[in-house]
Amino acid sequence: MSTTVICLENVSKRFIIRKEKSLKERIVNRGRSNLHKEDFWALNDVTLDIASGTSVGLVGPNGSGKSTLLKMIGGIIQPTSGSIRLRGRLAALLELGAGFHPDLTGRENVFLNASILGLTRSQTEGYFDAIVDFSGIERFIDTQVKFYSSGMYVRLAFAVAVHVNPDILLIDEVLAVGDEPFQRKCMDRIRGFQKEGRTIILVSHSLDQVADICDRAIVLENGAVKADGIPRVALRVLRDDFEITRLEDVERAQIAATMVGTTAIRARVAEVTLATDGALASHVTMRPGEDLKVRIRVETEEPLDDWFLGIAINTSLGQCVFATNTKLMEIALPRVTRAAEFQFRLPRVELGEGDYSVDAAVFLASGLEAHRLVEGAQIVVKASGRTLGFLHLEPEFTLL
Amino acid sequence: MSTEALVRARALAEEPLRAAGPVMGFASGTLNSLRDLWAHRELLGLLVRREIKARYKDSVLGLFWSLLRPLTMLLIYYVAVGKFLGASRGIDDFAIYIFTGLTAWNLFAEIVSTGTSSIVANAGLVKKVYLPREVFPLSTTGSALFNFGIQLLVLIGATIIAGKLPNGANLMYLPVSFILLLAFATALALLLAAVNVFLRDVQYLVEISLMVLFWASPTVYSWAQVAKVAHGWLAEIYLANPMTLAILGFQRGFWVSGANSVVPDHLETRLWIACGVSLVLLWLCQRIFTRLQGNFAQEL
């Protein structure tokens, strides 16, 4: 059984960007005040329902309205139109250590920050040891916070944050703090929250993190919901978008290169084909441990000198599991005048079960990417089904 | 789904949906604000403590500094205005008289000036966490009250040393004057704090206004001296200033030697009326504050 805990109806938010702030400027510019205003719709007619116990990832390019949406759910800013309704206790982690006062000691700040996040004094006292223990800075707890290193600061802040007891937790880009062991501790804590049926709304630029934690992803673009569903599908939409942006950037870089005098060479990856032992095809099905040949056909309009070739194997979510290029392999490629074919041989490819795609790209000596063929070929790996993950191993188990 | 999750989901299903953020509207909004503030009373306490602790942290004399300022003011006015300009003639126990006025005035000035900049000063919090934003002006009010308390102790100590401990019926003036002062100052602090977010000039305007208004109340001179030059409607305007009334009320209470001095007609009635008006003003300003606070986060 699940209940709707957050209900957004036709929510829109308009920001008016004024360019003057002081009284003098307003009076001087009064007649032309409309010239100094700019409308900007950060969110446009967003309708969402979020059920209790789900972990939702809000993703999108910069300026797509993710943080604005999160702040509105948190009640920090009000929508221009539409309604936002909630159930249950809410805690917002939009910034770690919001309200930490540099002149107070760690202990005093724990109480203040916990209170800001909605804990009562007696609750904080109950959690205090756990908070200090989680942060791992017992020795400095009675030192003024201004003497803390930035790592200690966020550790303490996060420790307080994970001990609040909300039904809904809003997180904005704050998970990537501290060193690796601490990050793992944070992620364990988040998983604990999920198991306890708390609703988590996470804004992140790390798509892998969203794919990892969330069971629902919402892609925002220019203030509107572009995709909404299981992370694999939604993130796919976003990655395609990013790919388009990337291609535009590549094109722009090429144009810029032409401008400064180095002629952009129109070379491209025409085709990627794969084979295990049979015939070459753009689509292969293989078992873990087989050898894989990757054949790449490069075509160019002008002679191609001083260049290198790269390949990458990506998961269906777009995460790279393997990549290499001839520069890393320290191989000098010959001059290509019109077209040429090259082959990478990857021995014993121990990929885990799943779908993968192969990208290939031509780079110029400067590192400038001349062309990339995205998802040039597909690999389907069929394994025993006894293991999970991207790496295939034959596990053995013994009772000792 | 684990059992814990099921229990949580079931409990949540019982709760009604509520709006995110503050509720507008007059009656229901007021109730909501009060409930919200009550729920955050512990935070308010912590913020007040933060204000007090952080202010003189790392200074050797610490809290003593908050006392040194009014004492210095007392000395300056006692010597310059009292002795050189001769204002102390006709005012018995001039030091106690001035200090009574200064204590009341300092409370007002501190609430208004620190309150005005309180939202802007806490921009980091306002932008990142939802809290009833009234806690910021109210926390500065709290720390001003703490300073007021210290000065009050000094004042009472001085009356004991002078052998003129406040007593009798005139003590009745104190609670009403205090409530009037507090309500009026807090109302202004709320209003100005909200307006200051949109127009930063306000905080400078407030500084100057406080400087002027200090002389518009009988702190370092007496009402008798005003009454000599201001008659009729001019006196009425002078007495319409809530701070004038509050300071006169404080002086009735603490300045025992002046028990027989000249006071305006119907001082007590005026105090009660001003007190009522200030309370209404406080409520109105809180509503305006709620109305404006929706845009705080984006304006800061």
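It should be emphasised that the depicted structure is a prediction, and the values quoted were computed from it without experimental measurement.

Draft legend 1. Expanded view of the overall build of chain B. A count of helical and extended segments in chain B gives 15 helices and one strand. Taken over the C-alpha atoms alone, chain B extends approximately 85 × 50 × 40 Å along its principal axes. Each of the 300 residues in chain B was classed as buried or not, and the buried ones make up 43%. Long-range pairs, those at least 24 residues apart, make up 85% of the contacts in chain B with a sequence separation of at least 6.

Draft legend 2. Structural context of the overall build of chain A. Per the secondary structure count, chain A includes eight helices and 17 strands. Along the three orthogonal principal directions, the C-alpha set of chain A runs to about 80 × 70 × 45 Å. Burial statistics for chain A: of 400 residues in total, 38% are counted as buried.

Draft legend 3. Quick peek at the environment of Ala 217 of chain A. Residue and element names in this part refer to chain A. Along the chain, the position of Ala 217 falls in strand E8 (residues 216-221). Separated by 127 residues in the primary sequence, Ala 217 and Phe 344 place their C-alpha atoms 36 Å from one another. Setting aside residues no more than four positions away along its own chain, Ala 217 makes contact with Gly 57, Val 59, Val 210, Pro 231, Ala 234 and Leu 235.

Draft legend 4. Quick look at the sheet that holds E8 of chain A. Residue and element names in this part refer to chain A. Ordered by their spatial adjacency, six strands build an open sheet running E5-E6-E7-E3-E8-E9, and the pairing between neighbours is mixed. The open sheet is flanked by strand E5 (90-93) and strand E9 (224-229), the only strands paired with a single partner. The mean inter-strand angle of the sheet, taken between neighbouring strand axes irrespective of direction, is 15°. Here strand E3 (residues 55-59) pairs with strand E7 (residues 199-203) via four bridges, running parallel. Note that in E7 the partner of Gly 57 across the bridge is Leu 202. Packing of helix H2 (residues 66-73) onto the sheet brings it into contact with E3, strand E6 (168-172), E7 and E8, and relative to E7 it is tilted by some 150°.

Draft legend 5. Seen up close, the interface of chain A and chain B. In this complex, chain A contributes 43 residues to the contact, which on the side of chain B involves 36 residues. Elements supplying a minimum of two residues to the side of chain A that touches chain B: strand E1 (4-18), H2, strand E4 (81-86) and helix H3 (106-116) of chain A. Grouping the amino acids of the side of chain A that touches chain B by side-chain chemistry returns 18 nonpolar, 15 polar and ten charged. Taken together, the two bridges between E4 of chain A and strand E1 (residues 18-19) of chain B define a ladder with antiparallel strand orientation. Across the sheet, the residue bridging to Arg 85 of chain A is Ala 19 of chain B, located in E1 of chain B.

Draft legend 6. Spotlight on the nonpolar core. By size, the foremost hydrophobic cluster in this structure holds 149 residues, and its most contacted members are Leu 58, Leu 170 and Leu 202 of chain A together with Phe 108 and Ala 185 of chain B. Ranked by residues supplied to this core, first place goes to helix H9 (residues 173-198) of chain B with 17 residues. Beyond its immediate stretch of four places on either side in the chain, Leu 58 of chain A contacts Lys 66, Leu 69, Leu 70, Ile 201, Leu 202, Val 203, Ile 218 and Leu 220 of chain A.

Draft legend 7. Inspection of the packing of helix H4 (residues 64-84) of chain B against helix H8 (residues 135-161) of chain B at higher detail. Residue and element names in this part refer to chain B. Packing of H4 against H8 brings their axes to within 10 Å, and their N-to-C directions diverge by 60°. Put simply, H4 runs oblique to H8. The handedness of the crossing between H4 and H8 is right-handed. Contacts from Ser 66, Leu 67 and Pro 70 of H4 reach H8 at Asn 147, Ile 150, Gln 151 and Val 154. Across the contact of H4 with H8, the residue classes break down as four nonpolar, three polar and no charged.

Draft legend 8. Broad picture of the sheet that holds strand E12 (residues 290-300) of chain A. Residue and element names in this part refer to chain A. Across the sheet, three strands lie side by side as E10-E12-E15; this open sheet has antiparallel pairing. Two strands lie at the open edges of the sheet, namely strand E10 (267-275) and strand E15 (339-349), each paired on one side alone. Direction aside, the axes of adjacent strands within the sheet are offset by 20° on average. Note: E12 against E15, nine bridges, orientation antiparallel. Bridge pairing in E15 links Glu 299 to Ala 339.

Draft legend 9. Looking closely at the confidence of the model for chain B. Residue and element names in this part refer to chain B. This prediction gives chain B a mean pLDDT of 86; 97% of its residues lie at or above 70. Per-element confidence in chain B ranges from a low mean pLDDT of 76 for E1 to a high of 94 for H9. Overall fold confidence for the complex sits at a pTM of 0.75, while the interface term, ipTM, reaches 0.77.

Draft legend 10. Geometry of the environment of Arg 184 of chain A. Looking at the secondary structure, you find Arg 184 of chain A in helix H6 (residues 180-195). Through-space distance from the C-alpha of Arg 184 of chain A to that of Thr 398 of chain A is 28 Å; in sequence the pair is 214 residues apart.

Draft legend 11. How the structure looks around helix H14 (residues 267-293) of chain B. In a regular helix each residue adds 1.5 Å, so 27 residues correspond to 39 Å; H14 of chain B covers 37 Å between its end C-alpha atoms and thus fits that length. Of the surrounding elements, those touching the buried residues of H14 of chain B are helix H2 (27-39), H9, helix H13 (242-254) and helix H15 (296-299) of chain B.

Draft legend 12. Highlighting unusual backbone geometry. All names here are of chain A. Even without being a glycine, Asn 222 presents a positive backbone phi close to 50°. Assignment of secondary structure puts Asn 222 in the loop between E8 and E9. Of note, Arg 348 is a non-glycine position whose phi angle comes to about 45°, a positive value. The residue Arg 348 is located in strand E15 in this model.

Draft legend 13. Molecular detail of the pairing of strand E16 (residues 354-364) of chain A. All names here are of chain A. Bridge count between strand E13 (residues 307-315) and E16: nine bridges; the pairing is antiparallel. Along E16, the bridge assignment pairs Ile 313 with Val 358. Here E16 pairs with strand E17 (residues 369-381) via nine bridges, running antiparallel. Looking across to E17, one finds that Ala 360 is bridged to Leu 373. Hairpin geometry of E16 and E17 is characterised by an intervening segment of four residues between the two adjacent antiparallel strands and by a positive phi of about 95° at Gly 367.

Draft legend 14. Geometry of the packing of H9 of chain B against helix H10 (residues 201-214) of chain B. Residues and elements named next belong to chain B. The contact between H9 and H10 brings their axes to 7 Å, and the two run at 135°. Judged by the angle between their axes, H9 and H10 are oblique. Contacts between H9 and H10 involve Leu 192, Val 195 and Asn 196 from the first element and Val 202, Gln 203 and Val 206 from the second. Class assignment of the residues belonging to the contact of H9 with H10 gives a composition of four nonpolar, two polar and no charged.

Draft legend 15. Layout of the environment of Trp 233 of chain B. Residues and elements named next belong to chain B. Within the fold, Trp 233 resides in helix H12 (residues 232-240). Judged by local crowding, Trp 233 falls into the exposed class, with 8 C-beta atoms found within 10 Å. With 76 residues separating them in the primary sequence, Trp 233 and Gly 157 have C-alpha atoms 39 Å apart.

Parameters at a glance
- Residues numbered from 1 in each chain as written.
- Chains lettered and ligands numbered in written order.
- Predicted model: local features only at pLDDT ≥ 70, side-chain atom pairs only at ≥ 80, totals over all residues.
- Helix = DSSP H or I, 4+ residues; strand = E, 2+ residues; numbered from the N terminus.
- Buried ≥ 20, exposed ≤ 12 C-beta atoms within 10 Å, placed from the backbone.
- Contact = placed C-beta atoms within 7 Å.
- Pairing = 2+ DSSP bridges.
- Axes fitted to C-alpha atoms, helices over the stretch in contact; angles between N-to-C directions.
- Nonpolar A, V, L, I, M, F, W, Y, C, P; charged D, E, K, R; others polar.
- Core = buried A, V, L, I, M, F, W, Y, C linked by C-beta atoms within 7 Å.
- Parallel < 35°, antiparallel > 145°, perpendicular 65-115°, else oblique.
- Left-handed = near helix turned anticlockwise from the far one by under 90°.
- pLDDT = per-residue confidence, 0-100.
- Expected span 1.5 Å × (residues − 1).

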